[in-house]
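# Architecture and fold: a report
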Amino acid sequence: MNHEILTNELDDNTKALIEKMKQEIKAKDEEIKNLKNEMEFLKSIIQNKNRKIFGTSSEQVDANQLSLFNEAEKYSDSKAEEPTLEEITYKRAKRNNNTGKKDNLANLERVIIEHKLEDEDLKCKECGEELIEIGVKSRKEIIKYVPAKLIVEEHIIYSYACKACEKETRESNIVSSEAPKTVFYNSMASHELVAHTLVLKYQHAVPLYRQETYFDMMGATLSRQTLSNWTIAAAKVLEPIYNHMKKELLSRNYIHADETTLTVINDNGTESKSKKYMWLYMNNTNSNPVILYDYQNTRSSSCPKNFLGDFKGFLQTDGYSGYNSVVNATRVYCLAHIRRYFYNIIAELDEEALKNSRAIIGFNFCEQIYKLEKEIRETYSSYEDYYEIRYKIRAEKLAPLLNDFIDFVEKEIQVALPKSPLGKALDYAKKHLPGLKNVLLDGSLEIDNNAAERAIKPFVIGRKNFLFANTAKGATASSIIYSIIETAKANNLVVEKYLIYLFDNLSKIDIQDSDSLGNLMPWSHKIPEDMKIKDKT
């Protein structure tokens, strides 16, 4: 009896010990699992940081790896020949068979130089008789560079008096010739020189300290301070054009928006500790594009609210909640930002890891959407009713695809670790996919906000060259000038000629007259033809 009791007690103790050990092992397994997840999370952060610092900024993927659709064609071909000319009834550049951007000289001034024999060279070496021209042996084209130069125009204004009136009435009746009008008043800067300086800085990202040496090589000493003053003055002159463009933008039904940071120097010469922002607003580039920059010292939601006011159309942005302050607008989110979250997860995975990745499913949803959009664009974009066609096809094909994507996100987010890369990607997609579905409301809406990201890149490149414009005053001037230049480019104008045209005409019109300003807009039919970039095809 005692032996049975002891055995039962030992069995109970053993069972308790085994159960305790199981619990401890389970806890250790859970701890190991959490540590592994944390390690993978930290590894992904390091990989993303390294890719941003050292890797390419492209988010293209290996088409063979994902088996969705081919990558973009490669444009370079070292074996491609330069274009030659063939003579038909007029001269035109032969198109190379290789894909990519073609050399085109059609818009250049052409000087014909004929090489003919003269005097003694025109006599036959054998019999001495004069040679007769029988035709053209060949033609050779050379692109010649004519160096720029600076000249000083000294305008001498003469006064005239009527001596007859002076003799009779003792009043001279003095008349003077008129000096040329410029918008820069007493400055020695011509419209042409200021326009050239602005194009160098804002279109070609040549900072003012480099322009100093550039002009010095032409024989003119123009200090950075002088160039800075001209730039600030030009922005002030162009402000009415900017304001009229803004009025036009706000009258549209569809606006893209984005923002980026910049460094600004305080009045005391020290770098500001708080981030400053350049905001971008633009319309669809297919019709009279307007691209505007707006400098602000904050990323507050008040910035888009103040700029866009009671705008009631579609507003397409990334996921930043500050744009919600534009309460009357219909928000449209960006597929590219959703895709980027999934891309950052799979970018460093090998082929085996991709097979087990749940992120690849989310990424492939994005790729399928882009594939559909590409097919619609390539098939129907030349049609007059393209937007209506796209609206109908999206309702049929895109809507169910987006619904499937949302269903996938809803299921996966239940089991994903919230702070893991996948958890964050799913959380972002869950918040913004419903807003992305608003593209189904209008065929003119784009699936992403890439147009705004492309438009803000010139500023991102140029901000390294601001120098003087790192002041708040300079940053505001830069926002105005960038706006004029980028809008002119988007409307296929020769920027430098257009700036000169603006300066010439702003000195003659009433800037309070809306119609007069409207005639100066880059899309106006009043713009001279020689300022428009010819179709290179």
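The following refers to the structure shown. (Residues numbered from 1 in each chain as written. Predicted model: local features only at pLDDT ≥ 70, side-chain atom pairs only at ≥ 80, totals over all residues. Heavy atoms only, no water.)

### Observations concerning the pairing of strand 7 (residues 291-296)
Where a strand is regular, its side chains alternate between the two sheet faces. For strand 7, the tally of buried residues reaches 5 of 6 residues, placing the bulk of the element in the interior. Sheet topology note: the strand 6 (residues 276-283)/strand 7 ladder contains 6 bridges and is antiparallel. Considered in strand 7, the bridge of Leu280 is made with Tyr293. (Buried < 20%, exposed > 50% of the residue type's maximum accessible area, 1.4 Å probe, protein only. Helix = DSSP H or I, 4+ residues; strand = E, 2+ residues; numbered from the N terminus. Pairing = 2+ DSSP bridges.)

### Topic: the side chain of Thr317
Residue placement: Thr317 occurs in the loop between strand 8 (314-316) and strand 9 (330-332). Here Arg331 takes part through its side chain, which lies 2.6 Å from a polar atom of the side chain of Thr317. The contact partners of Thr317, leaving out residues within four places of it in the chain, are Ala257, Tyr323, Arg331, Val332, Tyr333, Cys334 and Asn449. (Polar contact = N/O pair within 3.5 Å; in protein donor to acceptor, adjacent residues only side chain to side chain. Contact = heavy atoms within 4.5 Å.)

### What to know about the pattern of salt bridges
One pass over the full model with this rule turns up 19 salt bridges. A salt bridge links Glu248 to Arg252, with the nearest nitrogen and oxygen atoms 3.0 Å apart. Given a relative accessible area of 25%, Glu248 falls into the partly exposed group. The partner of Lys431 in a salt bridge is Asp427, with the nearest N and O atoms 3.3 Å apart. With Lys431 and Asp427 both in helix 12 (residues 421-436) and 4 residues apart, the pair spans about one turn of that helix. By relative accessible area, which is 55% here, Lys431 ends up exposed. Judged by relative accessible area, which is 31%, Asp427 ranks as partly exposed. Salt bridges sharing common partners tie together Glu373, Arg390, Arg394 and Glu446. (Salt bridge = Lys/Arg side-chain N within 4 Å of Asp/Glu carboxyl O.)

### Details of a nonpolar patch on the surface
Taken together, the side chains of Ile156, Tyr158, Tyr160 and Val175 present a nonpolar region at the surface, about 440 Å² in accessible area. On the secondary structure map, Val175 appears in strand 4 (residues 175-176). Classification of Val175 as partly exposed rests on a relative accessible area of 47%. (Patch = residues over 30% accessible without salt bridge, like charges linked within 9 Å, V, L, I, M, F, W, Y side chains within 5 Å. Areas by Shrake-Rupley, 256 points an atom, 1.4 Å probe, with all protein chains shown as cover.)

### Concerning the nonpolar core
Counting 73 residues, the largest nonpolar core has Ile241, Leu315, Ile484, Tyr498, Leu499, Phe503 and Leu506 as its most contacted members. Once residues within four sequence positions are removed from consideration, Leu499 is found in contact with Ala195, Leu198, Val199, Leu238, Ile484 and Ile485. Within the second largest apolar cluster, 44 residues are counted, among which are Leu354, Ile393, Ile406 and Tyr428. (Core = buried A, V, L, I, M, F, W, Y, C linked by side-chain atoms within 4.5 Å.)

### Thoughts on the environment of Ile338
Turning to its location among the elements, Ile338 is positioned in helix 8 (residues 335-346). Assessed through its relative accessible area of 0%, Ile338 is described here as buried. C-alpha separation for the pair Ile338 and Leu426, spaced 88 residues apart in sequence, amounts to 8.8 Å. Setting aside chain neighbours within four positions, we find Ile338 in contact with Cys366, Phe405, Tyr428, Ala429, His432, Leu433 and Leu436.

### Quick notes on the sheet that holds strand 7
Judged by pairing direction, the sheet is mixed, and its 5 strands sit side by side in the order 7-6-5-8-9 without closing on themselves. In this open sheet, the two strands that pair with only one neighbour each are strand 7 and strand 9. On average, each strand axis in the sheet is inclined to that of its neighbour by 25 degrees, with strand direction left out of account. Two strands pair when backbone bridges link them, and strand 5 (residues 254-262) and strand 6 are joined in this way by 8 bridges, in the antiparallel orientation. Paired with Thr260 across the strands is Met278, a residue of strand 6. Its contacts with the sheet place helix 13 (residues 450-462) against strand 5, strand 6 and strand 7, and it is angled at close to 35 degrees to strand 5. (Axes fitted to C-alpha atoms, helices over the stretch in contact; angles between N-to-C directions.)

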